[in-house]
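Understanding the architecture of this molecule
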Amino acid sequence: MEEKPKKLVILYATQTGNAMDAAERLGREAERRGCPVTLCSMDEFNANSLPQEDTVIFVVSTTGQGDTPDSMKDFWRFLLQKNLTKHWLEGVHYAVFGLGDSGYQKYNFVAKKLDKRLSDLGAAAIVERGLGDDQHPSGYEGALDPWMSSLWRALHQVNPKFFPKGPDFVIPESKLIDQPKLQITYYETDMVDSQLYTATDLKSIQMQIERARSMLPGKFSHDKSKPDCFLKMVKNQPLTRAGCGRDVRHFEFEFVSSAIKYEVGDVLEVLPGQNPAAVAAFIQRCNLDPESLITVHPRVMESAESNAPNVPIKLKTFVELTMDIASASPRRYFFEVMSFFATAQHEKERLQYFTSPEGRDDLYQYNQKERRTVLEVLEDFPSVQMPFEWLVQLVPQLKTRAFSISSSLSAHPNEVHLTVNVVSWTTPFKRKRTGLCSMWLAKLDPQQSTGLYIPAWFHKGLLPPPPPSLPLILVGPGTGCAPFRGFVEERTIQDVSGRAAPILLFFGCRNEENDFLYKDFWLSHAPENGVLSEQRGGGFYVAFSRDQPQKVYVQHKMREHSERIWDLVLEGASIYVAGSSTKMPSDVMAAFEDIISQEAGVSKEAAGLLLRRLERDGRYHVEAWS
C-alpha cells in the first residue's frame, strides 16, 4: 500500500496579523497545487517534534527593535537550548519568509536569526529566505509572490509527492471557495433568556465582551477575551496648542470595577468603540438583521475540547465588539472571495484583476495605501453579497490598542493615566484618515460619558520598574515621555522615605510654545531638591527641533551633557529609551556610542560592545512604537 505523503507544515508567528495572513495564503496556494497542509501558530506547535517533520515553512514577523512576536518566544527559547546538537534537525527541509520594514534598524532580524539557527541545527534550506518589506510599493507581497514561485519548484524537486501533478498545476480558486471555516447558528428570541443579551450592568457587559471575543476565528498570542477591568474617563486634557498641527492628549481614568495593581513601565490596552453610524451602515449594506441572536463556531471542530459557544449574542453587538469594519483595510483574500460573489461582470473582472499577479501593485495602491476600510470596499462593489460567515472570517478583527502608562499608582490611587497622540493623516488621494482608538478617546467628554465603561487589559511592557537606588538616564522625545512621567512620580514618592537616586531626563519636541508636553510637571521636579535636579546628579534637558534654523534633537542634547551621562553609567545607571520606532532608537544608540567612545577614550567598536553588554545585563531598555 502506497504511503500517504506527509503534510507540508506551515508555522507562523504574528503580532499584527500580517504573518498569519501570509501563512494562510501560502497554505491556500499549496492546496491549490494538490499539496496537503498543516497550518498553525508557533505557540500551538510542539517544538520538540520538529525533527519528525519532513518539510516546514516558517513565516515570521519582526516587531519593535528586532523582537520576536509573543507567539514565537517559547519556540525560540526552545531552539536556543545548548543541548540541541548540530545534527538535531538532520533530514528536515525548511524555508523561511520574514515580514519587516526596511525603515527600521533591525530589518527582518527575526527571520534572519531563525534561518541561521535552523541551519546550525542541521536542517536543509529548500530556498533562500524571503524578506517581505513594508516599504515596497506592494508591501510584503512584492517579495512573497516571486518567493512562492521559487518555493513550489524547489519543493517539487525535494519531494515530488507534494505536487502529484507538478508545481504548475493549479486548481481554479472558484472550486476551492466552497465553504467558510465558520458556521453561524441563529436562535429564536423567545428561546433565549433576554437578560443574557440586553442587560447593561458591568458584569453583563464583561460577559458579552468575553462571549463575543471568544467566538473569534483563530487567535493572536495571549489574546484575552475577558477584560482585566473597566475604566471611566475623568479627564481629557489637550497638551498641545490648538492649531499647531499636532493633537496630544492627557487622559485620566478611574477604575469602575476592581482596581488593578499596575507598576510604572506597564502597558494598558484599550478596546476602542466603533462609530455607531458605521456599524449600522455595514449591517444595512450586508442585509443583516442587527437583532438576530447568533453563535459563531468553527465548521470543523479541531478537538473534542473545542466546545462551540452555546450562549448567543446579538449580531449587532458581535459586529461592534469583534469586527473592524471602518478602520482596518481588508486583506488580499477578501478581494478573492468578493470576486466569487460579485454578480456584476465589470466588478467581478476588476476584483479578479486585483488578485492577479499583474494587479498586485494596483490593489496595494487602492487598498493599503489609501487605507480603505471594509465598509468602503463593500460600497465600491455593490453587486457583492457575501454570506455573514465569510464576513466574520475575513473582516479584520477589532484589536485592542496598547499605550504606555504615564502615571504611578502610588501617586494616583485608583487611577491610570495615558498620554496619547491623536492620529490623523492624509492619504495619497487626499482622503482624511484618523486613528480609530485615539480619535475615539479624544472625542469622549468625561462629563457626558459617565455611563461609558472602557474595557481594559494590563500587561508588562519593555520598561521594567527600577528600584529607588538605581540612577536613571531617560530619553523620551514626543509621547515617548509618557512612561517617564510615571517614573518621576514614583521616584518623588520614594524620595520622601529615603533619598532616591537621581534621574537624568532628555525630552524633545518641535516648539516650546506648541508641544512642550507636561512642561510644568517636569520643571517642578528640576529645582534643587527635585529628583530631576542637577545638584543631585540628575537633570532635565529639552531639544526644541524647530525653534532655531538648525534642527536640534535629543541626541544633540545628550552629546552636550556627555560627561554627566558617562558619570551616571559608571555609577551603575540604567538607560531607558521610549518613543517613535523609526530612526530615533538607532540615533540615540549612536549618540551613546559617541559619548562612551569620547569619555572613556575607547574606539567606537569598543563603545558598541559596552552598549551590547548593558543590554544583556538589563541596563539598556527600549520601548518604541510606530
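Since the structure is predicted, the reported quantities are computational estimates derived from the model, not experimental observations.

Let us look at the sheet that holds strand 22 (residues 620-625). Taken in spatial order, the 5 strands make up an open sheet running 20-19-18-21-22, and their pairing is parallel. At either margin of the open sheet sits one strand with a lone partner, and together these are strand 20 (539-544) and strand 22. Direction aside, the axes of adjacent strands within the sheet are offset by 10 degrees on average. The pairing of strand 21 (residues 574-580) with strand 22 spans 6 bridges and is classified as parallel. Residue pairing in the sheet places Ile 575 in a bridge with Tyr 620 of strand 22.

Residues given the UniProt feature "binding site: NADP(+)" (unreviewed entry) here are Thr 479, Ser 545, Arg 546, Lys 551, Val 552, Tyr 553, Val 554, Gln 555 and Asp 587. Examined against the element boundaries, Tyr 553 turns out to sit in the loop between strand 20 and helix 19 (554-560). Overall, Tyr 553 belongs to the partly exposed group, its relative accessible area being 37%. Look past the residues within four positions of Tyr 553 in its chain and what remains in contact with it is Ala 543 and Ser 545. One can find Gln 555 in helix 19. Exposure remark for Gln 555: the relative accessible area of 12% places this residue in the buried category.

Tracing the sequence through the fold places Ile 283 in helix 8 (residues 276-285). Residue classification places Ile 283 among the buried positions, given a relative accessible area of 5%. Separated by 66 residues in sequence, Ile 283 and Glu 349 place their C-alpha atoms 26 Å apart. In contact with Ile 283, not counting residues within four places along its chain, are Leu 288, Pro 290, Leu 315 and Lys 316.

Backbone-to-backbone hydrogen bonds pair the strands of a sheet. The strands run either parallel or antiparallel. In spatial order, the strands read 13-10-17-8-9-14; together these 6 strands make up an open sheet with antiparallel pairing. Bordering the open sheet on either side are strand 13 (401-404) and strand 14 (415-421), each of which pairs with just one other strand. On average, adjacent strands in this sheet sit at an angle of 40 degrees to one another, irrespective of strand direction. Judged from the 3 bridges that link them, strand 8 (residues 229-238) and strand 17 (residues 454-459) form a sheet pairing that is antiparallel. When the sheet's bridge partners are listed, Leu 231 is paired in strand 17 with Ile 454.

Those residues carrying the UniProt feature "domain: Flavodoxin-like" (unreviewed entry) are residues 8-152 in this numbering. What you have in residues 8-152 is 32% helix and 22% strand, and the ends, taken at the C-alpha atoms, are 11 Å apart.

Here we come to helix 15 (residues 436-443). Counting buried positions along helix 15 yields 6 of 8 residues, so the element is predominantly enclosed. Listing the buried residues of helix 15 in full gives Leu 436, Cys 437, Ser 438, Trp 440, Leu 441 and Ala 442.

Before going further, it helps to examine the packing of aromatic side chains. Tallied over the entire structure, the rule returns 25 aromatic pairs. Relative to Trp 88, the ring of Phe 78 lies with its centre 5.9 Å away and its plane at 45 degrees, an arrangement referred to as tilted. Placement of Phe 78 in helix 2 (residues 73-79) and of Trp 88 in the loop between helix 2 and strand 4 (93-100) is noted, with a sequence separation of 10 residues between them. In this structure Phe 78 comes out as partly exposed when scored by relative accessible area, which is 22%. Plain terms: the ring middles of Phe 516 and Phe 540 are 6.3 Å apart, the flat faces sit at 20 degrees to each other, and that makes the pair stacked.

This next bit is on the environment of Arg 299. Its place among the elements puts Arg 299 in the loop between strand 11 (293-298) and strand 12 (313-314). Between the C-alpha atoms of Arg 299 and Gln 183, which are 116 residues apart in sequence, the distance is 5.1 Å. Each residue touching Arg 299, except ones within four places of it in the same chain, is listed here: Gln 179, Pro 180, Lys 181, Leu 182 and Gln 183.

Turning our eyes to something else, we now look at the nonpolar core. One broad rule of soluble globular proteins: the nonpolar side chains tend to lie buried together. By size, the foremost hydrophobic cluster in this structure holds 49 residues, and its most contacted members are Phe 282, Phe 318, Met 323, Phe 334, Met 386, Phe 388 and Leu 391. Per-element tally for this core: the top contributor is helix 10 (residues 332-341), with 6 residues. Discounting residues that sit within four places of it in the chain, Phe 318 has contacts with Ala 212, Met 215, Ile 294, Val 296, Ile 313, Met 323, Phe 388 and Val 392. Core analysis: the second largest hydrophobic core is formed by 28 residues, Ala 22, Ala 95, Ile 126 and Phe 162 among them.

By the secondary structure assignment, Ser 524 is in helix 18 (residues 519-524). Relative accessible area serves as the criterion here: at 46%, Ser 524 is assigned to the partly exposed category. In terms of polar contacts, Ser 524 uses its side chain to reach the backbone carbonyl oxygen of Phe 521, at 2.7 Å.

So, on to the packing of helix 7 (residues 202-214) against helix 9 (residues 315-322). Running from N to C, helix 7 and helix 9 cross one another at 80 degrees; their axes reach a closest spacing of 9 Å. What the angle tells us is that helix 7 and helix 9 run roughly perpendicular. Note on element contacts: helix 9 touches helix 7 through Thr 317, Phe 318, Leu 321 and Thr 322, opposite Gln 208, Ile 209, Ala 212 and Arg 213. Here the contact of helix 7 with helix 9 is built from residues that sort into 4 nonpolar, 3 polar and 1 charged.

On to unusual backbone geometry, then. Most peptide bonds take the trans form, and the phi angle of most residues other than glycine is negative. Positive phi is not limited to glycine here, since Asn 108 has a value of about 50 degrees. Counting through the fold element by element, Asn 108 comes out in the loop between strand 4 and helix 3 (109-120). You will see that Lys 430, though not glycine, has its phi angle at about 65 degrees, which is positive. Mapped onto the fold, Lys 430 is located in the loop between strand 15 (424-426) and strand 16 (432-434). Look at Lys 430 and you get exposed, because its relative accessible area is 68%.

How each quantity is defined
Residues numbered from 1 in each chain as written. Predicted model: local features only at pLDDT ≥ 70, side-chain atom pairs only at ≥ 80, totals over all residues. Heavy atoms only, no water. Pairing = 2+ DSSP bridges. Helix = DSSP H or I, 4+ residues; strand = E, 2+ residues; numbered from the N terminus. Axes fitted to C-alpha atoms, helices over the stretch in contact; angles between N-to-C directions. UniProt positions renumbered as here; feature names shortened; annotations may be inferred. Buried < 20%, exposed > 50% of the residue type's maximum accessible area, 1.4 Å probe, protein only. Contact = heavy atoms within 4.5 Å. Phe/Tyr/Trp six-rings, centres within 6.5 Å; stacked < 30°, edge-to-face > 60°. Core = buried A, V, L, I, M, F, W, Y, C linked by side-chain atoms within 4.5 Å. Polar contact = N/O pair within 3.5 Å; in protein donor to acceptor, adjacent residues only side chain to side chain. Parallel < 35°, antiparallel > 145°, perpendicular 65-115°, else oblique. Nonpolar A, V, L, I, M, F, W, Y, C, P; charged D, E, K, R; others polar.

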